[in-house]
Amino acid sequence: MPTDIGPPDFNQFLPPVIKENYGKWKYHEILEPGVLKHVGESGDELYTVRAGSGRLVSTDYIRDVCEIADKYCDGYLRFTSRHNIEFLVSNKDNVAPLKKELQEKGWPVGGTGRSITSIVHTQGWIHCHTPATDASGIVKCVMDELFDYFGDMSLPNHLRIALACCLNMCGAVHCSDIAILGIHRLPPKVDNERVGKVCEVPSTVAACPTGAIRGNMKDKTVTVNEERCMYCGNCYTMCPAMPLADPEGDGISLWVGGKVSHARSEPMFSKLVVPYLPNTPPRWPETVGAIKKIVEVYAANARKYERVGEWCERIGWEKFFELTEFPFLPQHIDDFSDGRVSNYSFRTAATFKF
Ligand code: SF4
Ligand code: SF4
């Protein structure tokens, strides 16, 4: 029975060729960068043309996309989890003209296989309340620099980049090959004049995962034990009188080596490689330069089909730091010591048994 809760059943939006071959696909291949071919047991073929897209787009843009989909693939398209648009074409003859029209419009075709596909990212300064850095701005600068890798499948394997603008992390930074993560480095600045007027003291105290906040119910004020604060921003979510954004304290960290794929090795979490880079809008040269360095060193040194994390594990992280010339700092020790907690407590594979 239909309900008014949740999204509609996706089955009703599937192209006929997918409905007819559901669960009965024989194989797929990448014909060229940005073009996939799926073949069913029935012999039916489906062609997918992938175009890069921004994460924040206008309604006019969506209308343009739909118009193209109506013209070449009966209106059937989908957005991937990394914001690419995939036009689902059942008539092979439409692939070349569709690709040509996309290219004429300046919409890049690519992002498949051994490429850098569009960067998944979070809200940043444009929308969220706890970001330590911007999202769309940095992603634009990074992708401007790495754009050639989108369309040529010249890397050893897939290279997925993600950005989350705080460690609450609504982006995929823990499981991407290269991750850009915004970090706060200072505790919240408490405005006790406002706390009593705009916040509930008990829920603010309860919001702190480290028990760093002490509440005074009589005065309706709070104090923060700065030694215990880990700058997560949870308290600010509950209490707008405790902002922790700071131009000097906020910045960017870089993480490397995560992946979701089960191919060859288990899924991997990314590890800290650069603990802090400053926020330097509008072009963030330090962050862009460091990511470009990682990509170029990986492209020059990894074996074919090795993901970034697999390459790092094979050569050893010491060698990674040597090749990239990033300094190894005290902030790295927890992540790279044998006693790291996540090594033992996080299971990543679907193949494990209790
Ligand atoms: Fe907000 Fe953090 Fe998500 Fe960025 S990562 S959008 S700051 S919750
Ligand atoms: Fe607690 Fe996080 Fe607020 Fe620090 S920022 S006081 S750790 S809730």
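About the thresholds
Residues numbered from 1 in each chain as written. Chains lettered and ligands numbered in written order. Predicted model: local features only at pLDDT ≥ 70, side-chain atom pairs only at ≥ 80, totals over all residues. Heavy atoms only, no water. Helix = DSSP H or I, 4+ residues; strand = E, 2+ residues; numbered from the N terminus. Buried < 20%, exposed > 50% of the residue type's maximum accessible area, 1.4 Å probe, protein only. Contact = heavy atoms within 4.5 Å. Areas by Shrake-Rupley, 256 points an atom, 1.4 Å probe, with all protein chains shown as cover. Lys, Arg positive; Asp, Glu negative; His and termini not counted. Charge placed at Lys NZ, Arg CZ, Asp CG, Glu CD. Pairing = 2+ DSSP bridges. Axes fitted to C-alpha atoms, helices over the stretch in contact; angles between N-to-C directions. Patch = residues over 30% accessible without salt bridge, like charges linked within 9 Å, V, L, I, M, F, W, Y side chains within 5 Å. Salt bridge = Lys/Arg side-chain N within 4 Å of Asp/Glu carboxyl O. Near = heavy atom within 4 Å. Nonpolar A, V, L, I, M, F, W, Y, C, P; charged D, E, K, R; others polar. Disulfide = S-S within 2.5 Å. Polar contact = N/O pair within 3.5 Å; in protein donor to acceptor, adjacent residues only side chain to side chain.

Caption draft 1: Quick peek at the overall build of the protein chain. Looking only at helices and strands, the protein chain features twelve helices and twelve strands. Oriented by its inertia axes, the alpha-carbon framework of the protein chain measures out at about 75 × 55 × 50 Å. Every one of the 354 residues in the protein chain was classed for burial, and the buried ones make up 47%. Put simply, 64% of the contacts in the protein chain that link residues at least 6 apart link residues at least 24 apart. When the accessible surface of the protein chain is split by element, carbon and sulfur atoms take 54% of a total near 18,800 Å². Positive and negative charge centroids in the protein chain, built from 39 and 44 side chains respectively, lie 3 Å apart.

Caption draft 2: Main features of the sheet that holds strand β4 (residues 77-79). An order of β1-β2-β3-β5-β4 is seen for the five strands of this open sheet, with the pairing classed as antiparallel. Only two strands of the sheet have a single neighbouring strand rather than two, namely β1 (25-32) and β4. Pairwise comparison of adjacent strand axes, ignoring direction, gives a mean angle of 20° for this sheet. Two elements, β1 and strand β2 (residues 35-40), share six bridges in a ladder whose sense is antiparallel. Within the sheet, the bridge partner assigned to Glu29 lies in β2 and is Lys37. Along the sheet face, helix α2 (residues 59-73) touches β4 and β5 (85-89) and points at about 20° away from the line of β5.

Caption draft 3: Structural detail: a nonpolar patch on the surface. On the surface, Phe10, Phe13 and Tyr22 cluster together into a nonpolar patch covering about 350 Å² of accessible area. For Phe10, the position within the fold is in the segment before α1 (16-20). Its relative accessible area of 47% is what places Phe10 among the partly exposed residues.

Caption draft 4: Quick peek at the site of ligand 2. Taken together, 13 residues surround ligand 2, and among them Cys208, Cys229, Cys232, Gly233 and Cys235 come closest. Its residues placed into classes, the shell around ligand 2 shows ten nonpolar, three polar and no charged.

Caption draft 5: Fine view of the site of ligand 1. Near ligand 1 the following residues occur: Thr122, Gln123, Cys128, Thr130, Pro131, Cys165, Cys166, Met169 and Cys170. Looking at the shell around ligand 1 residue by residue, the class counts come to six nonpolar, three polar and no charged.

Caption draft 6: Main features of the state of the cysteines. A complete count under the given rule lists one disulfide for this structure. Between the sulfur of Cys199 and that of Cys239 lies a disulfide, 2.0 Å long from S to S. Disulfide Cys199-Cys239: torsion about the S-S bond near 70°, hence right-handed. Linking Cys199 in the loop between α5 (192-198) and α6 (201-206) with Cys239 in the loop between α7 (234-238) and β11 (251-256), this pair joins segments that are 40 residues apart in sequence. Take Cys199 and Cys239: they sit in the same class, and that class is buried. Here Cys66 stays free of any disulfide, with the sulfur of Cys73 as its closest cysteine sulfur at 10 Å. When its relative accessible area of 36% is taken as the criterion, Cys66 is described as partly exposed.

Caption draft 7: Spatial organisation of the side chain of Thr324. You can see Thr324 is positioned in helix α10 (residues 317-324). Looking at Thr324, its side chain comes within polar contact range of the main-chain oxygen of Phe320, at 2.7 Å.

Caption draft 8: Seen up close, the pairing of strand β12 (residues 271-278). β12 sits mainly inside the fold: six of its eight residues count as buried. As paired strands, β11 and β12 are joined by five bridges and run antiparallel to one another. Within β12, the position partnered with Leu254 by the bridge is Val274.

Caption draft 9: Fine view of the sheet that holds β12. One open sheet holds the five strands; their spatial order is β6-β7-β8-β11-β12, and the pairing between them is mixed. Pairing within the sheet leaves two strands with one partner each, and these edge strands are β6 (120-121) and β12. Across two bridges, the pairing between β6 and strand β7 (residues 161-164) is parallel. Bridged to His121 within β7 is Leu163. Along the sheet face, α10 touches β11 and β12 and points at about 30° away from the line of β12.

None of this, on its own, says anything about what the molecule does.
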